Structure formats: C-alpha cells, structure tokens
Amino acid sequence: MIREHLALDLAEARPGAAARLAGWVHRRRDHGGLIFIDLRDRSGLVQVVFDPKGDAQLHRQAEQLRSEFCVAVEGEVAPRPAGTENPKLPTGRVEVRARKLTILNPSPTPPFEIVEGAPLSEELRYTYRYLDLRREKPRRLMRLRHDIVQAMRRFLDQEQFLEIETPVLNKSTPEGARDFLVPSRLSPGKFYALPQSPQLFKQILMVAGAERYYQVARCFRDEDLRADRQPEFTQLDLELSFTDEEEIFSIMERLFAAIWQAVRGEKLPTPFPRLTYTEAMARYGTDKPDLRFGMELTELTELFRETGFKRFQEVIGAGGRVVGLAAPGGADFSRKDLDDLIQVAKSAGAGGLVPVQVTANGLVCPVLKHLGEEALQKAVAEARVPAGGLLLLAADRPRMAQAALGACRLELAKRLKLIPESGFRFLWVTEFPMFHYNEQEKRWEAEHHPFTAPFEADLPAMEKEPGKIRSRAYDLVINGVELGSGSIRIHRKETQEGVFRVLGIPEPEALDRFGFLLEAFRYGAPPHGGIAFGVDRLTALLGGADSIREVIPFPKTQKGIDLMVGSPTEVSSDQLKGLGLGLKKG
C-alpha cells in the first residue's frame, strides 16, 4: 500500500503518530535550510517538513521537488511551532516531519498554477483539464455532483424504484433537436441515433409492468450550444405507472428535500408553489419565472381602449393587449438606458416599448401627449409604480407583449440589483398548451413532445381547435431556470394517433417511426407519467457555477470541441469504407 492516510485524517492526529501520505506538491518553500511542501490530495492540504539536521540525504532529495511532482511521504505528525499555525486550513495546527520521500513521478512546470482565483481562459483550462480538476473548486464541484447522485439513488431505492438502463444505440425519431447519428457497419446504409432522452423506452417499460423506473441517463442532442447546453449531458429520468400529477409532485418534492438535506444540511420547504402556464405568463411574462424578486405584470388594455395613440389603437382593435411592468427605480435612466430596454423587448419579438418615468417633476414619456397624462396617471396607479420608478408599456399580441416584458423584468432586476445572491425558490408550472402554431412552416407543433397527454375535457377540440388544448405537462423551475420537465403520458393508441394527425404526421410515417409504441399501447398499457431533470444544471445551481461546463468532468466548448483530446476528428478512408460511407469534396 502506497498510502495509509489522507491529509485531512491528520487534522486531529496525536503528536508522534505515524503518517503515510501520497499526493502532489502543491507548493514548496525554503526557510533557513528547512524545506516545506504543502502536500495535496483529494481531501486537502497538509504541510510536510524536511530538516537537513535530521537526514541530509532526504533533504537533498527534497531539493528536487517542484510543483505538481507526484510523491509519497512517510513521517510523524507534530504540532506546528507556535506562531506558525494556519487557521485557514483544517490541518493548519499540525505538520508532518518527513522520514522518507519517494518521487512517484516528476512534473514539468505546469501551464498554470493550481490555485484558486487565477485568471485562466477556458481554452487553457479545458486543454489541460486533468490539471484544472486538481484545483479546489473543480474538485469540490465533482464531489458535489457525486453527493447529489448518491442522494437521488438512496431516495429512489427507498421509494421502490428500479434502476434500469435503456439502449444508447437507438432509432432515429427526429422530434425537436437534431439526432447524433451512428452508421451501422452490419446494416449498410442504415443508422442508429444516440438518445435525446429515454422517453419511448421508459414508456415501454411501463407497458412491460416495471411500474417504477429511474435512470441516471446520458443524453445527446446535436444543437447549438449555450451556457446551459452541452451536446452530451446527464439527466435523472423517472417514470411510474398508475399515477397522476399530485403523486409525481409529492415524490419530486421529497426527492429534492432529501438532496438538500444531504448536500446542504438544510430543510427544504415543501410543497412547492404552483402556477399554471397562463398564470405564469400573465404575471411574469415567462413560463420559468424567477420568484426571488417581485415586479409582476399588469393588464392595462381597458385604460387605453379609447386612446388616440395609433399603435395602441391598432393593437387593441386586432385583439391584442396593453401590458405594463412597474420597476422600483429607473426614473433617472438615460435615453440610452431606455433604448437598451427597448432593444431587449425587440429581441423577445415585440415591436417596441413605451417607457414612462415617474419623476419628482411629473411623468416623462416620449408619447405623453398621444396617450394623455390622465390615462398614464391611471396606468401608473394601477401598476403601483413608486415615486422614482419606471413603467414599461408593451402593446402586442398577448403572449408577445408578456414575453417582451418578461425579458425586461429580468434585465431590470439585474440592473437594479433586485436578485438575492443566495437562496432557492422552487415553482411548478403546469397546464402548458398542448400545441403551438409554427407561423413559418404553417403547421402545429407539440409544445413539449407528442407523447404528452391532453386534458380529457379538452379532447373534443383536438382536431378542430388544437390551440385550445391544454396538456398535462409540468415544469420544475428553480430561480428562473427550468430544471426539469415532465408530463402524464398518452397511454391509449387512438389518442396518440390523434396527436400525430394534428402534427401532420401521415399514418404510414407514424407507423414507421412509432409503430412499436402504438402496437405496445394495444396490450393493456397503464396510465403513466414521469419527469426528467438535468443533473448538470442542478449541480451548477447548488455549486454556484456560471455554466454547466464547470460541473462536467470533460466538457465541450461552445463549438462542441473537446480541447483536451481534440475531438471531433477526421477518420481514415478505411474506416469510412468499412461503413459504406465516403466524404464529398467541397
């Protein structure tokens, strides 16, 4: 055995106790002939001393040590001399007086210091990820991820869920993001797809009688990357039979309470609040509102129904709405500040905004004479805009006006520093629309996915008025981040076929892509539902990481490149030939 103790084990060790350690040289210092090293292992740091008076040959050997040498040390624990203790370290009251040193592997000077707070680029860190992971913060995040997954497994085992693996080589059923495709050598011209989720297999498991399934699943999506996206990611996926929304909400709330207790030692308040999709949009302008701060939207259409302002007249006459957002500040915003907010609204799809500043000298609005001061004063009162505050007015189709102000709400909260730096606010968002209409492609699309069950009461309108159908879908939101999504599923063949018809999927295509599922539904498929949430996202939230790349051991860049191994790469012509493939030039 090379090592018997971790650094942290020595924090409470008695003086004179034997120590047998192994790790890396974190830092080396020479003082008056003594050589000190901070030895680092997965538990932390401990100081090791080499004294030339005790063993000159050992001291000469220690002179070779440099940062990141991998070493093994044997010695005895001793209290640090008075005045040299380090209260910042758990082991800061002790040191190890070395008796033996083995250099297991030397190291060249690293491309960056293995310390916290150094200004390192992602490109450098991810090229040398094996060095980056030696730093305290990445190591802490990996431990946090482990603790979260272990807490999930313990809880779900107690709840009698079975951990079942589903295939990674799957059938391509493109719906939403693009699939990663894998050519089959044994079936030339045919391809597997890497799973975007285990959705269909977990539903098949419910038909098979598994009743309670979960999986810590690897998923793959070939999509453009953002701070919260990776081409491969991990989610906790679960499904259960003979269930409804209430049971799933209860299980998930108790699961998160168990995670919070395990990794934070805190009691999580349950049950979580709930809003329907319609309520969330009307109050916050988004289906994933951050509840850590207020600033709710206000419906103001009736106040402006008789306005002489042409833009508002046209919108209201076409069935649109006028919606307001009040901010507890902003009366002193410059023209540029207001233009920036207008650009935020336009980026969300709106035509523009009307800002109304509530100053000590009265209302300031670029279209004051068109809207009328009396109507604006009533709007300010209705929206409860405080003195020194700002009212933003959006006039557009209802969802567009709400979404524009939802984006401005978040932007204003950041500018006015209204978002607490700590704390977690959970929310269930329920009753999403079943379908949305794609104006560009002139067709209906599933809001979540086509296997979500509609409300039974809405079924008669399925094929004639699909825009009015509510789905039994639900999202779990934390601090404005959509952490998980799920639904009660369709379990009847005829309902599933009806959804395919609304989506414009012809029957032959539906049978080709989903025939196995439709066939399974004929054999007594039980009512079932489930949810999946991102392990990467949850770890990032709990660990205070800005990006999920920080909590993934070997992440890809925003261009989908693994800088450490250099993937993706070209492959040889022989490999392509064996797959029956070739590359077109140009």
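Criteria and thresholds
- Residues numbered from 1 in each chain as written.
- Predicted model: local features only at pLDDT ≥ 70, side-chain atom pairs only at ≥ 80, totals over all residues.
- Heavy atoms only, no water.
- Helix = DSSP H or I, 4+ residues; strand = E, 2+ residues; numbered from the N terminus.
- Contact = heavy atoms within 4.5 Å.
- Areas by Shrake-Rupley, 256 points an atom, 1.4 Å probe, with all protein chains shown as cover.
- Lys, Arg positive; Asp, Glu negative; His and termini not counted.
- Charge placed at Lys NZ, Arg CZ, Asp CG, Glu CD.
- Domains from an automatic or database assignment.
- Pairing = 2+ DSSP bridges.
- Axes fitted to C-alpha atoms, helices over the stretch in contact; angles between N-to-C directions.
- Buried < 20%, exposed > 50% of the residue type's maximum accessible area, 1.4 Å probe, protein only.
- Patch = residues over 30% accessible without salt bridge, like charges linked within 9 Å, V, L, I, M, F, W, Y side chains within 5 Å.
- Salt bridge = Lys/Arg side-chain N within 4 Å of Asp/Glu carboxyl O.
- Core = buried A, V, L, I, M, F, W, Y, C linked by side-chain atoms within 4.5 Å.
- Phe/Tyr/Trp six-rings, centres within 6.5 Å; stacked < 30°, edge-to-face > 60°.
- Parallel < 35°, antiparallel > 145°, perpendicular 65-115°, else oblique.
- Nonpolar A, V, L, I, M, F, W, Y, C, P; charged D, E, K, R; others polar.

With that out of the way, let us pick up the overall build of the protein chain. A tally of regular secondary structure across the protein chain gives 16 helices and 22 strands. Seen through its C-alpha atoms, the protein chain measures out along the principal axes to roughly 95 × 75 × 55 Å. Restricting to contacts in the protein chain with at least 6 residues of sequence separation, those with at least 24 account for 67%. When the accessible surface of the protein chain is totalled, it reaches about 29800 Å², and 51% of it is carbon and sulfur. When the 81 positive and 82 negative side-chain charges of the protein chain are each reduced to one mean point, those points stand 3 Å apart.

According to the domain assignment, the protein chain consists of domain 1 (7-105), domain 2 (138-265 + 529-568 + 575-581), domain 3 (293-416) and domain 4 (424-525). On a C-alpha basis, the centres of domain 1 and domain 2 stand 42 Å from each other.

Moving on to the sheet that holds strand β1 (residues 18-31). With respect to topology, 5 strands assemble into a closed barrel ordered β1-β2-β3-β5-β4, the strand pairing being mixed. On average, adjacent strands in this sheet sit at an angle of 55 degrees to one another, irrespective of strand direction. Note: strand β3 (residues 44-50) against strand β5 (residues 94-105), 3 bridges, orientation parallel. Paired with V49 across the strands is R97, a residue of β5.

Taking burial as the measure, the 8 residues of strand β2 (residues 34-41) include 7 buried ones, the bulk of the element. Alignment of β1 against β2, held across 7 bridges, turns out to be antiparallel. Within β2, the residue paired with R28 across the bridge is I37. Once β1 ends, the chain turns through 2 residues before running back antiparallel as β2, passing G32 with a positive phi of about 55 degrees. Bridging between β2 and β3 involves 7 bridges; their strand directions are antiparallel.

This part covers the sheet that holds strand β13 (residues 321-327). If you walk across this open sheet you meet the 5 strands as β12-β13-β16-β14-β15, and the pairing is antiparallel. Edge strands, defined here as strands with exactly one partner in the open sheet, are β12 (297-299) and β15 (362-364). Each strand axis lies, on average, 25 degrees off the axis of its neighbour in the sheet, ignoring direction. With 7 bridges joining them, β13 and strand β16 (residues 390-396) adopt antiparallel strand pairing. Directly across from V322, in β16, lies its bridge partner A395.

Moving on, we come to a nonpolar patch on the surface. A cluster of nonpolar side chains, L181, F191 and L581, forms an exposed patch at the surface whose accessible area comes to about 270 Å². Positionally, L581 belongs in the segment after α16 (573-578).

In this structure, F256 and I259 are the most contacted members of the largest nonpolar core, which totals 60 residues. Counting the residues that make up this core, at least three belong to each of domain 2 (138-265 + 529-568 + 575-581) and domain 4 (424-525). Leaving out residues up to four positions away in the same chain, I259 has contacts with I148, A151, M152, R264, L538 and L542. Membership of the second largest hydrophobic core comes to 24 residues, among which are F309, V367, A383 and L393.

Across all of its chains, the model carries 16 aromatic pairs by this definition. Relative to Y130, the ring of Y128 lies with its centre 6.1 Å away and its plane at 75 degrees, an arrangement referred to as edge-to-face. Given a relative accessible area of 29%, Y128 falls into the partly exposed group. Judged by relative accessible area, Y130 falls into the partly exposed class, the value being 45%. Between the aromatic rings of F500 and F514, the centroid separation amounts to 5.0 Å while the plane-to-plane angle is 20 degrees, which identifies the pairing as stacked.

The element strand β14 (residues 354-359) is extensively covered by neighbouring structure, given that 5 of its 6 residues are classed as buried. Where β14 meets β16, 4 bridges bridge the pair, whose relative direction is antiparallel. In the sheet register, P355 faces β16, and the bridge partner there is L392. Pairing analysis gives 3 bridges linking β14 to β15, with the strands arranged antiparallel. Looking at the pairing, T359 lines up with G362 of β15. In textbook terms, the turn of a hairpin is the stretch between consecutive antiparallel strands, and for β14 and β15 this stretch comprises 2 residues.

What follows is about the packing of helix α7 (residues 277-284) against helix α12 (residues 398-415). In contact at an axis separation of 8 Å, α7 and α12 are set at 60 degrees when each is read in the N-to-C sense. Taken as axis vectors, α7 and α12 run oblique relative to one another. Contacts between α7 and α12 involve Y277, T278, M281, A282 and Y284 from the former and R399, Q402, A403, G406 and R409 from the latter. Split by residue class, the contact of α7 with α12 holds 5 nonpolar, 3 polar and 2 charged.

Within this structure, the stated rule accounts for 54 salt bridges. Across the pair R139 and E136 runs a salt bridge whose closest N-O atoms are separated by 2.9 Å. You can see R139 and its partner E136 sitting in helix α4 (residues 136-158), 3 residues apart, about one turn around the helix. E136 sits in the partly exposed class, given a relative accessible area of 41%. R443 is the salt-bridge partner of E445, the closest N and O atoms lying 3.3 Å from each other. Here E445 falls in the buried class, since its relative accessible area comes to 19%. Counted as one network, the salt bridges with shared partners bring together E116, R125, R129, D132, R135 and E550.

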